Amino acid sequence: LAKTTQPISMDSYEGQEVNITCSHNNIATNDYITWYQQFPSQGPRFIIQGYKTKVTNEVASLFIPADRKSSTLSLPRVSLSDTAVYYCLVGDGRDNQGGKLIFGQGTELSVKP
Amino acid sequence: SQTIHQWPATLVQPVGSPLSLECTVEGTSNPNLYWYRQAAGRGLQLLFYSVGIGQISSEVPQNLSASRPQDRQFILSSKKLLLSDSGFYLCAWSLGRRSEQFFGPGTRLTVL
């Protein structure tokens with residue numbers, strides 16, 4: 001499974017756009033990129049998933065360049081409640097591996113008023 | 001709708017004692033099931049996953065074991081706890097390939 005590298009922490013202010021970049025140089029052809037959000041003492045929650053180019057949903061956008069060796073999670077106009085740890089995961093979730101994903105250390109985002 | 005339950009929510013156990021954590025999923029059939037551990041700080045460590053009843057794959061050699069006696073039941077066990085077993089244990093389920101994993105509320109285990 002591809003290893004990911006992300007910043008340990010980031011600071012932002014309410015109303016700003018936050019971009020968290022994840023490096024995954026060894027991503028395989030069948031791998032998808034998935035981002036999760038985790039609040040203290042809770043399990044992670046799925047945010048967004050993509051394979052290439054751009055994916056957007058109601059909470060975030062995911063930008064993936066053509067070489068797919070990195071990806072950027074974009075959170076528009078963050079609020080205090082977006083303070084959390086964000087994980088970038090890469091894998092193909094093959095059924096014979098139970099769809100398993102490897103969580104790295106994540107990026108701790110702190111949103112200030 | 002699907003729900004996932006874990007119990008107990010918190011647990012304090014002495015070193016050398018046994019452990020049994022239970023996870024059940026409702027509202028879906030034949031899910032993939034996972035046990036994770038999160039030590040102080042962050043970073044989830046995948047411990048076990050299961051693609052079906054009686055099918056368990058271990059990711060990390062340790063004194064923990066897992067069992068899946070029923071389709072939607074996943075149990076994490078230990079015969080003798082170590083101090084290093086302390087952490088936040090999370091159960092999760094998914095419907096397989098590339099699908100979203102849904103996490104339970106977790107069990108906070110403290111081994112003294």
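On a predicted model such as this, the values are computed, not experimentally measured, just so you know. (Residues numbered from 1 in each chain as written. Chains lettered and ligands numbered in written order. Predicted model: local features only at pLDDT ≥ 70, side-chain atom pairs only at ≥ 80, totals over all residues. Heavy atoms only, no water.)

(A) View of the overall build of chain A. Along its length, chain A carries zero helices and nine strands. What you see for chain A is a C-alpha radius of gyration of 14 Å, in line with the 13 Å of a compact globule of 113 residues. Overall, the C-alpha framework of chain A stretches about 45 × 30 × 25 Å when taken along its three principal axes. Burial analysis of chain A (113 residues in total) assigns 48% to the buried set. In chain A, the proportion of contacts linking residues at least 24 apart, taken out of those at least 6 apart, comes to 57%. Counting every atom, chain A has about 5600 Å² of accessible surface; 48% of that belongs to carbon and sulfur. Across chain A, the mean location of the 10 positive side-chain charges is 6 Å away from that of the 10 negative side-chain charges. (Helix = DSSP H or I, 4+ residues; strand = E, 2+ residues; numbered from the N terminus. Rg over C-alpha atoms; globule rule 2.2 N^0.38 Å. Buried < 20%, exposed > 50% of the residue type's maximum accessible area, 1.4 Å probe, protein only. Contact = heavy atoms within 4.5 Å. Areas by Shrake-Rupley, 256 points an atom, 1.4 Å probe, with all protein chains shown as cover. Lys, Arg positive; Asp, Glu negative; His and termini not counted. Charge placed at Lys NZ, Arg CZ, Asp CG, Glu CD.)

(B) The arrangement of the side chain of Ser12 of chain A in detail. Residue and element names in this part refer to chain A. With respect to the helices, strands and loops of the structure, Ser12 is situated in strand S1 (residues 9–13). According to the relative accessible area criterion, Ser12 is buried, its value standing at 3%. When near neighbours in sequence (up to four residues on either side) are disregarded, Ser12 contacts Val18, Val78, Leu109, Ser110, Val111 and Lys112.

(C) Focus on the packing of aromatic side chains. As enumerated under the stated definition, the model contains seven aromatic pairs over all chains in all. Aromatic pair Trp93 of chain B and Phe102 of chain B: ring centres 4.8 Å apart, planes at 20°, arrangement stacked. The exposure class of Phe102 of chain B is partly exposed, given its relative accessible area of 34%. Members of the aromatic cluster, joined through ring pairs, are Tyr36 and Phe46 of chain A together with Tyr34, Tyr36 and Phe103 of chain B. (Phe/Tyr/Trp six-rings, centres within 6.5 Å; stacked < 30°, edge-to-face > 60°.)

(D) Local environment of the sheet that holds strand S5 (residues 53–56) of chain A. Residue and element names in this part refer to chain A. Pairing is antiparallel across the open sheet formed by four strands, whose spatial order is S2-S7-S6-S5. Of all the strands in the sheet, the pair left with one neighbour each is strand S2 (18–23) and S5. Strand-to-strand twist across the sheet, computed as the mean angle between neighbouring axes with direction ignored, equals 15°. Pairing of S5 with strand S6 (residues 61–64), which is carried by four bridges, proceeds in the antiparallel orientation. The residue bridging Thr56 from the neighbouring strand is Ser61, located in S6. (Pairing = 2+ DSSP bridges. Axes fitted to C-alpha atoms, helices over the stretch in contact; angles between N-to-C directions.)

(E) Structural context of the sheet that holds strand S3 (residues 19–26) of chain B. Residues and elements named next belong to chain B. The four strands lie next to each other as S1-S3-S8-S7, forming an open sheet whose pairing is antiparallel. Two strands in the sheet have a free side with no partner beyond their single neighbour: strand S1 (3–7) and strand S7 (64–70). Recorded for the sheet is a direction-independent mean angle of 15° between the axes of neighbouring strands. Two elements, S3 and strand S8 (residues 73–78), share six bridges in a ladder whose sense is antiparallel.

(F) Examining the environment of Leu11 of chain B more closely. Residues and elements named next belong to chain B. With respect to the helices and strands, Leu11 occurs in strand S2 (residues 10–13). Distance from Leu11 to Lys80, taken between C-alpha atoms, is 15 Å for residues 69 residues apart in sequence. Those residues in contact with Leu11, other than ones at most four positions away along the chain, are Leu19, Leu21, Arg108, Leu109 and Thr110.

(G) The arrangement of the state of the cysteines in detail. All names here are of chain A. Scanning the entire structure with this criterion turns up two disulfides over all chains. What pairs with Cys22 in a disulfide is Cys88, and their sulfur atoms sit 2.2 Å apart. Judged by the sign of its S-S torsion, about -80°, the cystine formed by Cys22 and Cys88 is left-handed. Here Cys88 lies in strand S8 (residues 84–91) and Cys22 lies in strand S2, a separation of 66 residues in the sequence. (Disulfide = S-S within 2.5 Å.)

(H) Here's a closer look at the pattern of salt bridges. Enumeration according to the criterion identifies three salt bridges over all chains in this entry. Note that Lys112 of chain A and Asp11 of chain A form a salt bridge whose closest N and O atoms lie 3.8 Å from each other. Taken together, the positions of Lys112 of chain A in strand S9 (residues 107–112) and Asp11 of chain A in strand S1 put the pair 101 residues apart, joining distant regions of the chain. Residue classification places Asp11 of chain A among the exposed positions, given a relative accessible area of 55%. The residue Asp85 of chain B makes a salt bridge to Arg37 of chain B at a minimum N-O spacing of 3.5 Å. (Salt bridge = Lys/Arg side-chain N within 4 Å of Asp/Glu carboxyl O.)

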